[in-house]
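What follows is the residue order along each chain.
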Amino acid sequence: MSNYHIKNLEEYFQVYRKSIRDPESFWEEIAEENFLWRKRWDKVLEYDLSKPEFSWYKGAKLNITENCIDRHIYGRGDKTAIIFEPNDPSEKAEHISYNQLHERVCKFANVLLDHGVKKGDRVCIYLPMIPELPVSLLACARIGAIHSVVFAGFSSTALHTRINDSDCKIVITSDGSYRGGKTIDLKGIVDEALESCPGVKTVLVVKRINSEISMKPNRDKWLQPLLDEANNTCVPEIMDAEDPLFILYTSGSTGKPKGIVHTTAGYMVYTAYTFKNVFQYRENDVFWCTADIGWITGHSYIVYGALANGATTVLFEGIPSYPDFGRFWEVIQKHKVNQFYTAPTAIRALAKERLDFSGNYDLSSLKILGSVGEPINEEAWHWYNDNIGKKNCPIVDTWWQTETAGIMISPIPYSTPTIPTYATLPLPGVQPALMDENGDELKGNLVSGRLCLKFPWPGMARTIWGNHDRFRETYFSTFKDFYFTGDGALRDSTGYYRITGRVDDVIIVSGHNLGTAPIEDAINEHPAVSESAIVGFPHDVKGNALYGFIILKETGEGRVHDNLRKEINQIITEHIGPIAKLDKIQFVTGLPKTRSGKIMRRILRKIAENDTDNLGDISTLLNPECVQEIMDGAV
Ligand code: WT7
């Protein structure tokens, strides 16, 4: 397993060089030595950038759940696979062993089979962070069904769009969910979403909060009685390497959400390899990633990457502020967590609270701290390092995306020296490139540009569900033959990368990726609104918050009635979810536009950031006069 587990900087460079010189033999060796294959591949990598099409481990056959569960049963059967920590700290934590996970996944898979779910069918999963969530992903994978997890904070409209886009046959949900001291009526949201989803024949309902809900006859079924009856073994469906494993939606800068498709073998190899190296996981370590499984971070590092390594992974139902701001630290102490992986927005929120929240707990089990989702600012980095890591735990600032499946640029603990705000160096097999405005690659160090990837890696997304043209257009058309990430980055004098943020119309709010277009579309549905434009502005906890510039249909005084701002945020909540609410709303009479009618967001961004000294050239605008009015009315 020489390539699998990097232990020092010299070894990193050596492995990195090999991975670039001969990517195929690099990824072949890793696949060969660390996984269970039912049939070997014919070819490690085949690709055609003109289509673009990518195939990893072509011809290989496998089932990912055999790799994540079955093979650990011999030797690790009684080892804890999942530690479930409930929302309420007085509810007992649950330890699910690999043996028990096997049984639960098989039973669930049999229930799906009994409801007519077959290989290739899409299954929508809309669940809180309870054991049935990872179990349902694995149950789908067991029988070759394609899961599409929708984050259970999304609204019914968002859920509806995603169910129909991938034509799901079945929805798995719960009666409700806990969020700190509140409950959320998930089943009610599902009922609303399904009002016009003709493809959905069955809804399986997990009982979690014991609320009164209505069950639609012939469609809705309680899950538990079905599980009780189900057989506890299920022969795994043997999949082709390139069979889709799941769809996960992510926001684009325009249009509806993109159903990112990941396939079986490449995804498994990439998430397992990066899990092992970035978190330096050792047998008996306890790994905790605080992300929701509704995002890629949860798919790759709570579920697949962790379990493929036979790890113990924590599944946390709660939030960092309940019952108080000490909860994360209490959970670390309680379960003796060794690797802790969270988002800068959580770190910033916790850093605002009294230090005794963290000081009261024993955090000495921690070895490695991780950060993901947005750039981590220097202050947050130091707070994390000093108060949580006690200057003793390497911080891995991991850059990656839903589309990459796994971590791409990150320090390897004990190998790569860390510097705050730098994601540092590419992992083996990853070939970043920075591009200038003309589409030329910037060679050498001390350059900054648009971040691309110039060579395929096993975890890369293969397509957008039902829209391969959009896949090509979004990722492979800006720079010829390169994958474009949408981010800007700089490379310093030592070759370290620092991610500087999005260069497109995606705004990252509290680590959530939000496209401006869907939010604007929602606002424009309000009967009083004629046009709107959203930009981000810096926020000390969320990273970015949203600022909306809105033109109303009526022009007279008194057009802005008291409730208008509330109503607009209400519409956004209904269409997308509360995460997309606007922090600031300014009503304007015009928006700065180019002669071709495109809104100049650059100017709005400057106004929202209160940086109007340097607005740049506005003389080419169609309506330069509106700029002064917007500046005068800025909130
Ligand atoms: C975008 C991808 C990666 C899983 C969670 C988010 C931003 C992510 C970092 C980081 C700076 C980061 C990028 C990226 N991002 N990690 N360490 N430093 N920016 O996945 O929702 O697909 O968002 O998140 O802008 O493109 P996602």
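What you see is a predicted model; the values in this text were computed from it and never measured.

How each quantity is defined
- Residues numbered from 1 in each chain as written.
- Predicted model: local features only at pLDDT ≥ 70, side-chain atom pairs only at ≥ 80, totals over all residues.
- Heavy atoms only, no water.
- Domains from an automatic or database assignment.
- Contact = heavy atoms within 4.5 Å.
- Buried area = accessible area lost by both parts, 1.4 Å probe.
- Salt bridge = Lys/Arg side-chain N within 4 Å of Asp/Glu carboxyl O.
- Polar contact = N/O pair within 3.5 Å; in protein donor to acceptor, adjacent residues only side chain to side chain.
- Nonpolar A, V, L, I, M, F, W, Y, C, P; charged D, E, K, R; others polar.
- Near = heavy atom within 4 Å.
- Areas by Shrake-Rupley, 256 points an atom, 1.4 Å probe, with all protein chains shown as cover.
- Helix = DSSP H or I, 4+ residues; strand = E, 2+ residues; numbered from the N terminus.
- Pairing = 2+ DSSP bridges.
- Axes fitted to C-alpha atoms, helices over the stretch in contact; angles between N-to-C directions.
- 1 Å grid on protein atoms, 1.4 Å probe; cavity = no way out; pocket = protein on both sides within 12 Å on 5 of 7 lines; lining within 4 Å.
- Points joined across faces, edges and corners; volume = space filled by probe spheres on them.
- Buried < 20%, exposed > 50% of the residue type's maximum accessible area, 1.4 Å probe, protein only.
- Right-handed = clockwise from strand over helix to strand, strands pointing away.
- Parallel < 35°, antiparallel > 145°, perpendicular 65-115°, else oblique.
- Left-handed = near helix turned anticlockwise from the far one by under 90°.
- Phe/Tyr/Trp six-rings, centres within 6.5 Å; stacked < 30°, edge-to-face > 60°.
- Lys NZ or Arg CZ within 6 Å of the ring centre and 35° of its normal.
- Disulfide = S-S within 2.5 Å.

S.K.: What's the story with the domain arrangement of the protein chain in this structure? I'm lost.
M.R.: Note on interface size: it is often stated as the accessible area lost on association of the parts. On domain assignment, one finds that the protein chain holds domain 1 (87–244) and domain 2 (506–632). For domain 1 versus domain 2, the separation of C-alpha centres amounts to 37 Å. Each partner contributes to the interface: domain 1 provides 6 residues, whereas domain 2 provides 7 residues. The three residues of domain 1 that bury the most area against domain 2 are Phe154, Ser155 and Thr157, which together make up 65% of that side's buried surface. Joining domain 1 to domain 2, the criterion identifies 0 salt bridges. Across the contact surface, domain 1 and domain 2 share 5 residue pairs in polar contact (both at pLDDT 80 or more). Among the residues forming the side of domain 1 that touches domain 2, the class breakdown is 2 nonpolar, 4 polar and no charged.

S.K.: Would you mind showing me how to read the site of the ligand here?
M.R.: Near the ligand you find 17 residues, and of these Asp397, Thr398, Thr402, Asp487 and Arg502 are the closest. For the ligand, a nitrogen atom lies 3.1 Å from a polar atom in the backbone of Gly373. At 2.7 Å, a side-chain N or O of Arg502 approaches an oxygen atom of the ligand. If the ligand stood free it would expose 550 Å²; the protein chains cover 95% of that surface. Counting only elements with at least two residues in the shell around the ligand, the list comes to helix H10 (296–308), strand S20 (395–398) and strand S26 (497–502). Of the residues in the shell around the ligand, the class split is 7 nonpolar, 6 polar and 4 charged.

S.K.: Would you mind going over the sheet that holds strand S4 (residues 80–85) with me for this structure?
M.R.: In sheet architecture, strand pairing relies on hydrogen bonds along the backbone and comes in two forms, parallel and antiparallel. Here 7 strands make up an open sheet; going across it, the order is S5-S4-S17-S16-S18-S19-S20 and the pairing mixed. With one partner strand each, in any of the chains shown, strand S5 (94–97) and S20 form the two edges of the open sheet. On average, adjacent strands in this sheet sit at an angle of 20° to one another, irrespective of strand direction. Of the pairings in the sheet, the one linking strand S19 (residues 368–372) to S20 comprises 4 bridges and is parallel in character.

S.K.: Looking at this model, I keep getting lost on the layout of surface pockets. Mind explaining?
M.R.: A probe as big as a water molecule, rolled over the atoms, marks out the empty space that is left. Looking at the second largest pocket, its volume works out to about 270 Å³. At 3 residues, helix H1 (residues 9–21) tops the list of elements feeding residues into the lining of the second largest pocket. Tallied by class, the residues present in the lining of the second largest pocket amount to 7 nonpolar, 3 polar and 3 charged.

S.K.: Would you mind going over the pattern of salt bridges with me for this structure?
M.R.: Pairing is possible between side chains that carry opposite charge, provided their charged atoms lie close to one another. Per the counting criterion, the structure on display carries 45 salt bridges. Of the charged contacts in the structure, one is a salt bridge between Asp191 and Lys187, with a shortest N-O distance of 2.9 Å. Taken together, the positions of Asp191 and Lys187, both in helix H7 (residues 186–193) and 4 residues apart, correspond to about one turn of that helix. Assessed through its relative accessible area of 21%, Asp191 is described here as partly exposed. Given a relative accessible area of 0%, Lys187 falls into the buried group.

S.K.: Please clarify how the sheet that holds strand S21 (residues 432–435) should be interpreted in this entry.
M.R.: As summarised here, the arrangement of the 5 strands in space is S22-S21-S23-S25-S26, forming an open sheet in which the pairing is antiparallel. Each having just a single partner strand, strand S22 (441–442) and S26 make up the two edges of the open sheet. Both S21 and strand S23 (residues 447–453) contribute to a ladder of 4 bridges, which runs antiparallel. Looking across to S23, one finds that Ala433 is bridged to Cys452.

S.K.: Hey, could you run me through the pairing of S19 in this one?
M.R.: Here is the key point about a regular strand: its side chains alternate between the two faces of the sheet. The buried count for S19 comes to 5 of 5 residues, which makes it a mostly enclosed element. Burial of the side chains of S19 extends over both faces: Ile368, Gly370 and Val372 are buried on one face and Leu369 and Ser371 on the other. Both strand S18 (residues 339–342) and S19 contribute to a ladder of 4 bridges, which runs parallel. From the neighbouring strand, Tyr341 faces S19, where its bridge partner is Gly370. Considered for its hand, the β-α-β crossover made up of S19, helix H14 (residues 378–388) and S20 is right-handed.

S.K.: Would you mind showing me how to read the packing of helix H3 (residues 64–76) against helix H5 (residues 132–143) here?
M.R.: Two packed helices can be described by the angle between their axes and the distance between those axes. With their axes 8 Å apart at the nearest point, H3 and H5 run at an angle of 120° to one another. Here H5 runs oblique to H3, going by the angle between their axes. The handedness of the crossing between H3 and H5 comes out as left-handed. Where H3 approaches H5, its residues Ile64, Thr65, Glu66, Cys68, Ile69 and Asp70 are matched on the opposing element by Leu138, Ala141 and Arg142. Tallied by class, the residues present in the contact of H3 with H5 amount to 5 nonpolar, 1 polar and 3 charged.

S.K.: What's the story with the packing of aromatic side chains in this structure? I'm lost.
M.R.: How two aromatic rings sit relative to each other is given by the distance of their centres and the angle of their planes. This model, assessed by the stated rule, comprises 47 aromatic pairs. On the numbers, 5.6 Å between centres and 75° between planes, the contact of Phe328 with Phe340 is edge-to-face. A residue pair is termed long-range when its members are at least 10 positions apart, and Phe328 in helix H11 (residues 327–335) and Phe340 in strand S18 qualify at 12 residues. For Phe328, a relative accessible area of 3% puts it in the buried group. Taking the relative accessible area as the measure of exposure, Phe340 reaches 1% and is therefore buried. Put simply, the rings of Tyr4, Phe26, Trp27, Phe35, Trp37, Trp41, Trp56, Tyr57, Tyr270 and Tyr273 pair up and form one aromatic cluster. Sitting above the plane of the Phe154 ring, Arg162 keeps its charged end 4.4 Å from the centroid.

S.K.: Would you take a moment to explain the state of the cysteines for this structure?
M.R.: Two cysteines joined by a covalent bond between their sulfur atoms form a disulfide. Inspection of the entire model under this criterion finds 0 disulfides. Unpaired in this structure, Cys168 has its nearest cysteine sulfur neighbour in Cys124, at a distance of 5.0 Å. Take Cys234: it sits in no disulfide, and the sulfur closest to it among the cysteines is that of Cys106, at 5.5 Å.

S.K.: Can you walk me through the pairing of S23 in this structure?
M.R.: Of all 7 residues in S23, 5 are buried; the element is thus mostly enclosed. As judged from the 6 bridges shared by S23 and strand S25 (residues 483–491), these two strands associate in the antiparallel manner. Across the sheet, residue Val447 finds its bridge partner in S25, namely Arg491.

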